[in-house]
Amino acid sequence: MNATPTPLDFRPFGESTPRPGNPVKSIHVDPKGAQDSVYVRATDFSIFYGRAEAVCKVNIDIYAGLVTAIIGPSGCGKSTFLRSINRMNDLIPSCKTSGQLLFDGVDVYDRRLDVTVLRKKAGMVFQKPNPFPKSIFDNIAYGPRLHGVKSQAQLAEIVEQSLLQAALWDEVKDRLSANALGLSGGQQQRLCIARALAVNPDILLMDEPTSALDPNATSRIEELISELRGKYTIIIVTHNMQQAARVSDYTAFLYEGALIEYGETRQIFTNPTRKHTEDYITGRFG
Amino acid sequence: MRISTRKLLDRSFSSVGVISIALMGLILLVILVPIFRKGIGALVFEATVEHRRLILDNFDHGDDLELAAEIKSAREARQPVYEMVQAFESRQQAKIDSLRPDLETLAERDDSMGRLVARRLKRLGPDEDFLEQVETIQQLVPRLREYGDGDDAPKEIAAISSGITRITSQTLAFAELKEVLYDLLGPAPGEPMPQLTRKQYGQTRWEKARETIDHLFFIERWDYSGPGMGTLVREPRVEQFRETEIEPLFAYVEGHAEAMLQPRWTLYWGFLTDKPLDSHIFGGIYPELIGTIYLTLGAILFAVPIGIIAAIYFTEYAKAGRLISFLRACVSTLAGVPSIVFGMFGLAFFLNVWQLPKGVLAGSLTLALLILPVIIRASEEAIRSVPHTYREAALSLGAGRWRTIVTVILPAALPGILTGIVISMGRAAGETAPIIFTAAASVAAPLSLNPLQAWDQPTAALSWNIYNLCTEHEAADEIRHVQFGMVAVLITVVLALNLFAIILRARIAKKLKG
């Protein structure tokens with residue numbers, strides 16, 4: 001990053017450049033040229049649950065505007081790492097970190113950081129679709145309302161834009177006041193993506209977003225990820241290696257808390273440099 | 001296990017379940033049906049003309065012209081009774097008067113007897129009340145007998161005393177008859193109006209009137225002459241009045257009771273909206289009803305915010321530790337403390353330390369303490385059962401902890417919290433012990449509907465007055481219908497509250513589920 005922002009230099013909602021996304025990150029990135037726009041940088045970053053080390057000394061640069069997949073067997077710490085980026089791990093009292101994690105140049109674990117601002121910039125999509133038991137409109141409007149948008153017209157605009165971006169608008173535009181739990185699983189997940197987009201984040205953290213969905217809904221989500229690529233920095237944790245190969249530009253392979261290999265997806269899947277990676281992607285273990 | 005055995009077991013399990021539910025329903029019916037059957041009698045009953053007169057006089061309900069016509073025809077039907085009584089009285093009066101010359105001769109004697117009779121004579125005469133005259137001369141009898149045993153007794157003494165005895169024996173029976181008639185019909189026309197409301201009217205309820213008529217026809221007494229327990233003997237009262245003017249009265253009352261009292265099926269809504277008269281013998285239970293509503297809502301008002309905040313603290317903020325487990329144990333213990341202890345605490349703390357007046361506020365606060373543990377427990381459970389994913393979603397969108405609780409967790413926990421509130425509402429409405437010292441009064445003016453005027457007033461309440469009317473009322477036997485009416489109303493209030501909350505909860509749950 002060119003400037004060195006102070007830890008609290010987050011723009012409040014509404015002042016940032018209008019959607020879609022920040023123009024700097026909305027360029028169609030040539031993976032090779034993107035090296036200088038690092039969005040998330042971990043330096044010797046470790047996460048502990050009590051004494052157990054869940055992620056150890058990870059060094060990784062995640063590039064702006066690209067889709068980065070994190071793969072690895074169950075329990076390898078990939079979800080833990082993802083959740084540490086927007087500090088969702090704070091919910092677990094025993095969770096501690098060491099090393100440094102920079103988010104848009106800001107130290108995520110700086111004590112002066114307002115975690116709500118961080119989370120506003122880092123939208124998250126969870127493993128199981130988790131819409132609130134409210135109407136579709138209220139689900140999407142929840143975030144903007146939280147960040148101070150009061151005008152009904154503005155909210156309606158945000159809701160429409162977010163649903164359009166999440167490719168859900170056509171399906172729900174006639175029943176925005178219906179309860180979100182009445183939607184199908186795939187629709188619910190796209191609703192959750194729309195809800196995350198509604199607060200105008202820079203980055204989308206997706207924690208196995210399709211693991212609870214059927215193949216049809218999964219491919220809709222994957223299409224959506226491709227559409228969002230370029231507009232948002234996307235980090236997706238997935239069990240499904242075909243999915244990682246299909247949607248991501250970069251892939252990181254985590255094993256037992258350590259980052260084994262990180263590189264362009266094509267290279268990881270065709271020509272991995274490490275034996276472990278090869279074993280995993282060819283299905284010898286995991 | 002063989003499939004047939006498994007089927008048999010399945011079937012027997014389900015039949016045990018069905019039987020136990022049916023049993024529970026049956027028990028409920030056995031308890032509730034008689035209460036409601038008797039309680040409904042306070043609202044729906046055959047009211048006599050006396051009842052209509054009473055509520056018109058005291059509460060101004062009813063059509064006064066129609067009632068005037070009714071009263072007129074009832075008077076006409078009663079007139080023969082009064083005439084028979086009158087005729088009997090004047091004949092007895094004539095008998096007393098016939099004794100007068102003899103008594104006057106006796107009064108001329110210059111000894112203690114003469115002076116006594118002279119004094120008594122002043123209280124005899126047509127202006128005096130007939131029954132009082134009888135009493136006056138009756139008291140002479142033992143003295144006369146004593147005097148008659150002496151040596152120089154005049155011959156007329158024996159004649160006088162036997163004459164008096166003849167009069168009095170029948171007159172005592174007549175006095176009893178008059179009392180029963182008074183119970184039935186109220187004061188006779190022209191009689192002075194008594195102070196007590198209960199003496200101003202005859203029987204207002206037809207079933208009570210029929211009991212009174214039975215008393216009129218039969219004298220009941222216990223006969224202990226035989227071996228073992230006494231037996232109840234019913235003697236027709238008419239036997240005492242054979243060949244007097246009263247004799248036809250019984251047949252007349254039997255034939256004309258309905259005309260005299262004009263019973264009619266009535267729905268007396270005033271039972272809920274009128275204030276009681278003459279310590280609940282007449283009138284309604286409005287003060288109790290409004291008092292119970294005030295106390296219950298007051299308790300909820302104080303307990304619910306505190307309870308929910310405490311539950312939020314326990315579930316969302318408190319870190320596991322000794323202090324928290326201790327606090328939790330305290331809450332559980334509080335839930336099991338007998339309610340009278342809360343009542344004593346309310347007296348000691350709210351009245352004596354805080355110097356609150358005995359009234360709605362102090363009572364509500366005491367009840368609030370009583371239901372607080374239930375509300376805390378239910379809210380805690382409800383909040384805990386909100387899926388963790390809701391919390392994560394809200395937090396990931398940048399909501400703070402408090403915003404997450406207010407906008408996501410509490411709405412999702414609302415049905416469970418409501419259940420706790422409903423249970424405790426029923427409890428607060430029914431509790432007696434906590435309000436005895438802090439709010440309850442047996443007789444109190446109905447509370448103002450403005451809480452600012454009502455908060456420091458002691459009040460009647462259904463729970464307390466049910467107890468009070470059943471145990472301490474001077475005529476507890478006479479007002480069973482009021483007692484059962486109150487119980488039925490209390491149960492109905494609690495059931496209605498429950499029903500309301502169940503519907504509310506179902507609607508919210510439906511909204512949450514989509």
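Rules of the game
Residues numbered from 1 in each chain as written. Chains lettered and ligands numbered in written order. Predicted model: local features only at pLDDT ≥ 70, side-chain atom pairs only at ≥ 80, totals over all residues. Heavy atoms only, no water. Helix = DSSP H or I, 4+ residues; strand = E, 2+ residues; numbered from the N terminus. Rg over C-alpha atoms; globule rule 2.2 N^0.38 Å. Buried < 20%, exposed > 50% of the residue type's maximum accessible area, 1.4 Å probe, protein only. Contact = heavy atoms within 4.5 Å. Areas by Shrake-Rupley, 256 points an atom, 1.4 Å probe, with all protein chains shown as cover. Patch = residues over 30% accessible without salt bridge, like charges linked within 9 Å, V, L, I, M, F, W, Y side chains within 5 Å. Salt bridge = Lys/Arg side-chain N within 4 Å of Asp/Glu carboxyl O. Phe/Tyr/Trp six-rings, centres within 6.5 Å; stacked < 30°, edge-to-face > 60°. Lys NZ or Arg CZ within 6 Å of the ring centre and 35° of its normal. Pairing = 2+ DSSP bridges. Axes fitted to C-alpha atoms, helices over the stretch in contact; angles between N-to-C directions. Buried area = accessible area lost by both parts, 1.4 Å probe. Polar contact = N/O pair within 3.5 Å; in protein donor to acceptor, adjacent residues only side chain to side chain. Parallel < 35°, antiparallel > 145°, perpendicular 65-115°, else oblique. Left-handed = near helix turned anticlockwise from the far one by under 90°. Nonpolar A, V, L, I, M, F, W, Y, C, P; charged D, E, K, R; others polar. Core = buried A, V, L, I, M, F, W, Y, C linked by side-chain atoms within 4.5 Å. Domains from an automatic or database assignment. Disulfide = S-S within 2.5 Å. pLDDT = per-residue confidence, 0-100.

Some thoughts on the overall build of chain B
And step 1. Counting secondary structure elements, chain B contains 21 helices and 6 strands.
And step 2. The C-alpha atoms of chain B give 35 Å as radius of gyration, which overshoots the globular expectation for 514 residues (24 Å, by more than 25%).
And step 3. Every one of the 514 residues in chain B was classed for burial, and the buried ones make up 45%.
And step 4. Within chain B, contacts between residues at least 6 apart in sequence are counted, and of these 71% link residues at least 24 apart.
And step 5. When the accessible surface of chain B is split by element, carbon and sulfur atoms take 62% of a total near 27,400 Å².

Looking at a nonpolar patch on the surface
Residues and elements named next belong to chain B.
And step 1. Together, Leu23, Leu26, Ile27, Val30 and Ile31 make up a nonpolar patch on the protein surface, roughly 480 Å² of accessible area in all.
And step 2. With respect to the secondary-structure elements, Ile27 resides in helix H1 (residues 3–40).
And step 3. Residue classification places Ile27 among the partly exposed positions, given a relative accessible area of 48%.

Considering the packing of aromatic side chains
Residues and elements named next belong to chain B.
And step 1. If you walk through the whole model with that rule in mind, you get 21 aromatic pairs over all chains.
And step 2. Ring centres 6.3 Å apart and planes at 85° place the aromatic pair Tyr201 and Phe282 in the edge-to-face group. Placement of the pair is Tyr201 in the loop between helix H8 (197–200) and helix H9 (206–217) and Phe282 in strand S6 (residues 282–283), with a sequence separation of 81 residues.
And step 3. Ring centres of Phe241 and Phe250 lie 6.3 Å apart, and the angle between their planes is 35°; this geometry places the pair in the tilted category. Pair check on accessibility: Phe241 and Phe250 agree, each one buried.
And step 4. In textbook terms, an aromatic cluster arises when at least three aromatic residues are bridged by ring pairs, as seen for Phe88, Phe174, Phe217, Phe241 and Phe250.
And step 5. Of note, Arg205 hangs over the ring of Phe45, and the distance from its end group to the ring centre comes to 4.2 Å.
And step 6. The cationic tip of Arg234 hangs over the ring face of Phe218; the distance from NZ or CZ to the ring centre is 4.3 Å.

A word on the sheet that holds strand S8 (residues 233–237) of chain A
All names here are of chain A.
And step 1. On the basis of which strands lie adjacent, the open sheet formed by 6 strands has the order S6-S7-S8-S3-S9-S10 and mixed pairing. The two strands at the open ends of the sheet, each matched to only one other strand, are strand S6 (122–125) and strand S10 (258–264). Each strand of the sheet is rotated relative to its neighbour by a mean of 15°, with strand direction disregarded.
And step 2. Pairing geometry for strand S9 (residues 250–255) and S10, over 6 bridges, is antiparallel. Residue pairing across strands places Tyr255 opposite Ala258, the latter belonging to S10.
And step 3. Across the sheet, helix H2 (residues 78–85) touches strand S3 (67–71), S6, strand S7 (203–207), S8 and S9, and the angle it forms with S7 is around 150°.

Overview of the pairing of S9(A)
All names here are of chain A.
And step 1. Counting buried positions over the 6 residues of S9 gives 5, a clear majority of the element.
And step 2. Summarising the sheet, S3 and S9 pair through 4 bridges and their orientation is parallel. Paired with Ile70 across the bridge in S9 is Ala252.

Digging into the interface of chain A and chain B
And step 1. Facing 24 residues of chain A, the contacting portion of chain B comprises 21 residues.
And step 2. Here chain A and chain B share an interface that buries about 1,900 Å² over both sides, 63% of which is from carbon and sulfur atoms.
And step 3. Considering only the side of chain A, the residues that lose the most area to chain B are Pro133(A), Tyr142(A) and Leu146(A), jointly responsible for 28% of the buried surface there.
And step 4. Put simply, chain A and chain B have 1 salt bridge between them.
And step 5. In this structure, the connection of chain A to chain B is made through 6 residue pairs in polar contact (both at pLDDT 80 or more).

Quick notes on the sheet that holds strand S4 (residues 95–103) of chain A
Residues and elements named next belong to chain A.
And step 1. Strands sit in the order S2-S1-S4-S5 across an open sheet of 4 strands; the sheet is antiparallel. Edge positions in the open sheet fall to strand S2 (52–63) and strand S5 (106–107), since each of these has one partner strand only.
And step 2. Summarising the sheet, strand S1 (residues 38–49) and S4 pair through 8 bridges and their orientation is antiparallel. Bridging across to S4, Ser46 finds its partner in Ser98.
And step 3. Strand contacts of H2: S1, S2 and S4, with the helix running at about 120° to S1, the strand carrying the most contacts.

Quick notes on the packing of helix H6 (residues 140–148) of chain B against helix H7 (residues 156–185) of chain B
All names here are of chain B.
And step 1. Put simply, H6 and H7 touch, their axes get as near as 10 Å, and they point 155° apart. It follows that H6 is roughly antiparallel to H7 by the angle criterion. The interaxial crossing formed by H6 with H7 has left-handed handedness. Between H6 and H7, the residues in contact are Val141, Leu144, Arg145, Tyr147 and Gly148 and Ile157, Ile160, Ser161, Ile164 and Thr165, respectively.
And step 2. When grouped by side-chain class, the residues that make up the contact of H6 with H7 number 6 nonpolar, 3 polar and 1 charged.

Topic: the nonpolar core
And step 1. Of all hydrophobic cores here, the largest spans 50 residues; its most connected members are Leu216(B), Ile246(B), Leu249(B) and Phe250(B).
And step 2. If we ignore the near neighbours within four places in the chain, the residues touching Leu216(B) are Leu177(B), Val180(B), Leu181(B), Arg237(B), Leu249(B), Phe250(B) and Val253(B).
And step 3. In this structure, Tyr142(A), Phe314(B), Ile375(B) and Leu397(B) belong to the second largest nonpolar core, which totals 46 residues.

Some remarks on the domain arrangement of chain B
Accessible area lost upon the coming together of the parts is a frequently used measure of interface size.
Residue and element names in this part refer to chain B.
And step 1. The domain boundaries assigned to chain B delineate domain 1 (3–38), domain 2 (50–263) and domain 3 (277–513).
And step 2. Centre-to-centre, using C-alpha coordinates, domain 2 lies 56 Å away from domain 3.
And step 3. Tallying the contact residues gives 9 residues for domain 2 and 10 residues for domain 3.
And step 4. Between domain 2 and domain 3 the total buried area reaches about 860 Å² when both faces are included, carbon and sulfur atoms providing 61% of it.
And step 5. Counting the surface domain 2 buries against domain 3, the share from its top three residues, Arg198, Arg205 and Lys208, is 54%.
And step 6. Seen at the junction of domain 2 and domain 3, the total is 2 salt bridges.
And step 7. In this assembly, domain 2 and domain 3 are joined by 3 residue pairs in polar contact (both at pLDDT 80 or more).
And step 8. Contributing elements (two or more residues each) for the side of domain 2 that touches domain 3: helix H2 (49–59) and H8.
And step 9. Broken down by element, the residue count for the side of domain 2 that touches domain 3 peaks at 3 residues, all from H2.
And step 10. A class-by-class count of the residues in the side of domain 2 that touches domain 3 yields 3 nonpolar, 3 polar and 3 charged.

What about the side chain of Arg52(B)?
And step 1. Considering the arrangement of structural elements, one finds Arg52(B) in helix H2.
And step 2. Once residues lying within four places of it in the same chain are set aside, the contact partners of Arg52(B) are Ala47(B), Leu67(B), Glu70(B), Gln262(B), Arg264(B) and Thr266(B).

Structural notes on the state of the cysteines
In protein structure, a disulfide is the covalent linkage between the sulfur atoms of two cysteines.
And step 1. Applying the stated criterion across every chain, the model contains 0 disulfides over all chains.
And step 2. Of the cysteine sulfurs around Cys76(A), a residue in no disulfide, the closest is that of Cys56(A), at 11 Å.

Observations concerning the confidence of the model for chain B
And step 1. Residue-level pLDDT values for chain B average 88, and 99% of them are 70 or greater.
And step 2. Among the prediction metrics, the complex's ipTM stands at 0.83, with pTM recorded as 0.80.

Thoughts on the pattern of salt bridges
And step 1. Following the criterion strictly, the structure yields 36 salt bridges over all chains and no others.
And step 2. In this structure, the salt-bridge partner of Asp279(A) is Lys275(A), at a minimum N-O distance of 3.1 Å. Of this pair, Asp279(A) and Lys275(A) both sit in helix H11 (residues 275–281), 4 residues apart, roughly one helical turn.
And step 3. The network of salt bridges with shared partners includes Arg328(B), Arg377(B), Glu380(B) and Arg384(B).

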